[in-house]
Amino acid sequence: MGVPGPRRPCRLRRLCQICGQPLDERCYLIVRPADVVQGCSPEPALHPECLPYTAAHCPMLNGTATHYRRPVLAGHPAGRPCTDPSCPCPSSSPDEGHTARSGSPADRYEAWMIRTRTYRLVHPPGRPDAPAGISVDVPVLRTRVLRAAALTPGQQHLMDLWNALMNGS
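The name given to the protein chain in an unreviewed UniProt entry is Cell envelope biogenesis protein OmpA, with Streptomyces prasinosporus as the source organism.

Enquirer: Tell me about the sheet that holds strand 3 (residues 109-115), and please be specific about residues and values.
Expert: Across the sheet, which stays open at both edges, the three strands sit in the order 1-3-6 with antiparallel pairing between neighbours. Across the chains shown, the open sheet's two edge strands, defined by having one partner strand only, are strand 1 (26-31) and strand 6 (142-147). Between one strand axis and the next, the sheet turns by 25° as a mean value, whatever way the strands run. Relative to strand 6, strand 3 is paired through five bridges, and the arrangement is antiparallel. Counted as the bridge partner of Trp112 is Thr143 from strand 6. Contacting strand 3 and strand 6, helix 6 (residues 153-166) runs over the sheet at an angle of about 20° to strand 3.

Enquirer: How would you summarise the sheet that holds strand 4 (residues 121-122) if you had to cite specific residues and measurements?
Expert: Here we have three strands laid out as an open sheet, ordered 2-5-4, and antiparallel in their pairing. The sheet terminates laterally at strand 2 (40-41) and strand 4, the two strands that pair on one side only. When strand 4 meets strand 5 (residues 133-135), the two strands line up antiparallel, connected through two bridges. The partner of Val122 across the bridge, within strand 5, is Gly133.

Enquirer: If you had to explain the confidence of the model for the protein chain to someone new, which residues and values would you point to?
Expert: A residue-level look at the protein chain finds 74% of positions with pLDDT of 70 or above and a mean pLDDT of 80. Scored below 50 in pLDDT, residues 77-81 makes 17 contacts in the model with residues more than four places away or belonging to other chains. The low-confidence segment residues 90-99 (pLDDT under 50) makes 17 contacts with residues lying over four places distant or belonging to another chain.

Enquirer: Talk me through the side chain of Asn163; I want residue IDs and the actual numbers.
Expert: Residue position: Asn163 is located in helix 6. Residue class for Asn163 comes out buried when judged on its relative accessible area of 19%. Discounting residues that sit within four places of it in the chain, Asn163 has contacts with Glu110, Trp112 and Thr143.

Enquirer: Describe the packing of aromatic side chains, with residues and values.
Expert: Scanning the model with the defined rule gives one aromatic pair in all. Taking the centre distance of 5.9 Å and the plane angle of 15° together, the rings of Trp112 and Trp162 count as stacked. Of this pair, Trp112 sits in strand 3 while Trp162 sits in helix 6; the two residues are 50 residues apart in sequence, bridging distant segments of the chain. Comparing Trp112 with Trp162, the two get one shared label, buried.

Enquirer: So, the pattern of salt bridges: which residues are in play, and what are the values?
Expert: Enumeration over the complete set of coordinates arrives at six salt bridges. When the shortest N-O distance is used, the salt bridge between Arg32 and Asp35 registers 2.7 Å. For the pair Arg32 and Asp35, one class covers both residues: buried. Across the pair Arg32 and Asp107 runs a salt bridge whose closest N-O atoms are separated by 3.5 Å. Of this pair, Arg32 sits in the loop between strand 1 and helix 2 (33-38) while Asp107 sits in the loop between helix 5 (96-101) and strand 3, and the two are 75 residues apart along the sequence.

The rules we used
Throughout, a residue's number is its position along its own chain's written sequence, starting from 1. Owing to the predicted nature of the model, reporting of local features is limited to residues with pLDDT of at least 70; listing and counting of side-chain atom pairs is limited to 80 or more, with chain, interface and lining totals taken over all residues. Just so you know, side-chain values use all the structure's heavy atoms and leave hydrogens and water out. Paired strands, as defined in this entry, are two strands with at least two bridges between them according to DSSP. Comment: elements are numbered from the N terminus, with helices defined as DSSP H or I runs of at least four residues and strands as E runs of at least two. To obtain each axis, a line is fitted to C-alpha atoms, and for helices this fit is confined to the stretch in contact; angles are then taken between N-to-C directions over 0 to 180 degrees. We call two residues in contact whenever any of their non-hydrogen atoms come within 4.5 Å of each other. Within a predicted model, pLDDT stands for the predictor's per-residue confidence, ranging from 0 to 100. Exposed residues in this analysis have more than 50% of their type's maximum accessible area, buried residues have under 20%, and partly exposed residues fall in between, with area computed by a 1.4 Å probe over protein chains only. For this analysis, a ring pair means two rings from Phe, Tyr or Trp (six-membered ring only for Trp) whose centres lie within 6.5 Å, classed as stacked if their planes differ by under 30 degrees, edge-to-face if by over 60, and tilted for the remaining angles. A side-chain nitrogen of Lys or Arg and a carboxyl oxygen of Asp or Glu constitute a salt bridge if their distance falls within 4 Å.

This is the structure we're talking about:
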């Protein structure tokens, strides 16, 4: 998606990944079934006004890309060089999630609107300096499917349970 620089500063400073401005009262998280399992969205949040741009222009969200790309550079988990010298990239090779997705069909993507006051970073064990993403264990005000994908029965069940829990059903 369209981060105007490395993801880490956007997440730490609560900046929109599209325009780079501070988030307002509400923001959107981009969420896949795997993110629900992990408990966090790895993408920085974005303004409600910036969501239509992202949905229209991101190849993964608009359906142009049908599969996850294979790494261009094996030295960075995102498959591209990191331009932030202070970025604590977790390793010199792709992470397990990226390796598992590489070349696989694209997942389902949803946009979850949350109150920015519930925005909370999630850190991997033993890595307080390297946030893994933004917690999805928060009240969701609104959901919007950005890209449908064939879910496994287990993924669909998990998403149904999560949506029912978040919507109070």
